[in-house]
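Now for the letters of each chain:
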Amino acid sequence: MPERLNRFLASTGLASRRGADDVIRAGRVTVNGMRAEVGTRVGEGDRVCVDGRPVSRQQSLTLLLNKPAGVVTTASDPQGRRTVLDLVGSDLRLFPVGRLDRESTGALVITNDGDLAHRLMHPRHGVAKTYLADVAGDPAPEALARLRAGIELDDGPTAPAVVERVAAGRIEITIHEGRNRQVRRMCEAVGHPVRTLHRTRYGSLSADDLAPGAWRVLGDQELEALHSA
């Protein structure tokens, strides 16, 4: 049965469905020699090429990485910095789900399953992400209450968060959004800039049993939990 082109491209490990749509819009995809458009459908026997090279489905693989500091969360880096895919070293065409900034650490999902990545990153699903933040100063109850209620940032207000003071200068915060450097910006907005940031959980997953830079393949039950997150 024919399927949408972006879904097929996601199964090749090119990107998530949203990312595949960007590649299609850029005119980089052809189907049977004709330039494709968003919404094109493909079926068995169709020849799909990206940048002139044929692509096909890959074996599905999803990993959990304990990201160390100093590594960028991209598939490649024009500045030549070390990436999370350099740590994994797979021959498959993998990509990280969402981002952790360069100095942040902790649980990061890496996959070639575009459908899974689409579900995890889509705002509608609101997958919980929990962070441990060491911040400047010791947030007072008023600052914690502001974080819980939502913070007005330059790209709009954040959704309510679950926030607990763990120790002096250390808070645990759970959010269901995925904006750029969101936790750092929230903490700075209440006067307590982040010094170190570690993601302790992504959905039901924790990478704290892995050494920094280590990774493991997710099992069937863990994948099912992600799909239903």
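Located above this text is the structure these notes cover.
This write-up is about the structure you can find in this document. As a convention, each chain's residues are numbered from 1 in the sequence order in which they are written. Totals for whole chains, interfaces and linings use every residue, but because this is a predicted model, local features are given only for residues with pLDDT of at least 70 and side-chain atom pairs only at 80 or more, for both listing and counting. Calculated side-chain values reflect all of the structure's heavy atoms, with hydrogen atoms and water omitted.

1. Quick look at the packing of helix α4 (residues 114–121) against helix α7 (residues 220–227)
Piece 1. Two numbers describe how α4 lies on α7: the axes approach to 9 Å, and their chain directions differ by 45°. Classified by the angle their axes make, α4 and α7 are oblique. Counted together, Leu116, Arg119 and Leu120 of α4 and Leu223, Leu226 and His227 of α7 form the full contact between these two elements. Axis angles are defined between N-to-C directions and span 0 to 180 degrees, where every axis is a line fitted to C-alpha atoms and, for a helix, only to the segment in contact. Helix and strand definitions follow DSSP, with helices as H or I runs of at least four residues and strands as E runs of at least two, each counted in order from the N terminus. Roughly parallel means an angle under 35 degrees; roughly antiparallel, over 145; roughly perpendicular, 65 to 115; everything else is oblique. We call two residues contacting when some pair of their heavy atoms lies within 4.5 Å.

2. Section: the pairing of strand β9 (residues 105–111)
Piece 1. For every residue, the accessible area obtained with a 1.4 Å probe (protein chains only) is divided by the maximum for its type, and the residue is called buried under 20%, exposed over 50%, and partly exposed between those limits. Counted residue by residue, β9 has seven buried out of seven residues, so it is predominantly covered.
Piece 2. Pairing between strands is defined by DSSP: at least two bridges between them are needed. Pairing of strand β7 (residues 62–67) with β9 involves six bridges; the strand directions are antiparallel. Along β9, the bridge assignment pairs leucine 64 with valine 109.
Piece 3. Across two bridges, β9 lies against strand β15 (residues 194–202) in parallel orientation. Of the residues in β15, the one forming a bridge with glycine 106 is arginine 199.

3. Topic: the environment of leucine 147
Piece 1. Assignment of secondary structure puts leucine 147 in helix α5 (residues 141–149).
Piece 2. By relative accessible area, leucine 147 is classed as buried at 1%.
Piece 3. In this structure the C-alpha to C-alpha distance between leucine 147 and threonine 12, which are 135 residues apart in sequence, comes to 40 Å.
Piece 4. Discounting chain neighbours no more than four positions away, the residues touching leucine 147 are Ala161, Val163, Ile171, Met186, Cys187 and Val190.

4. Points about the side chain of threonine 200
Piece 1. By the element assignment, threonine 200 lies in strand β15.
Piece 2. Looking at threonine 200, the relative accessible area reads 13%, which means it is buried.
Piece 3. When residues no more than four places from it in sequence are discounted, the contact partners of threonine 200 are Thr130, Tyr131, Leu132, Leu205, Ser206, Ala207 and Asp208.

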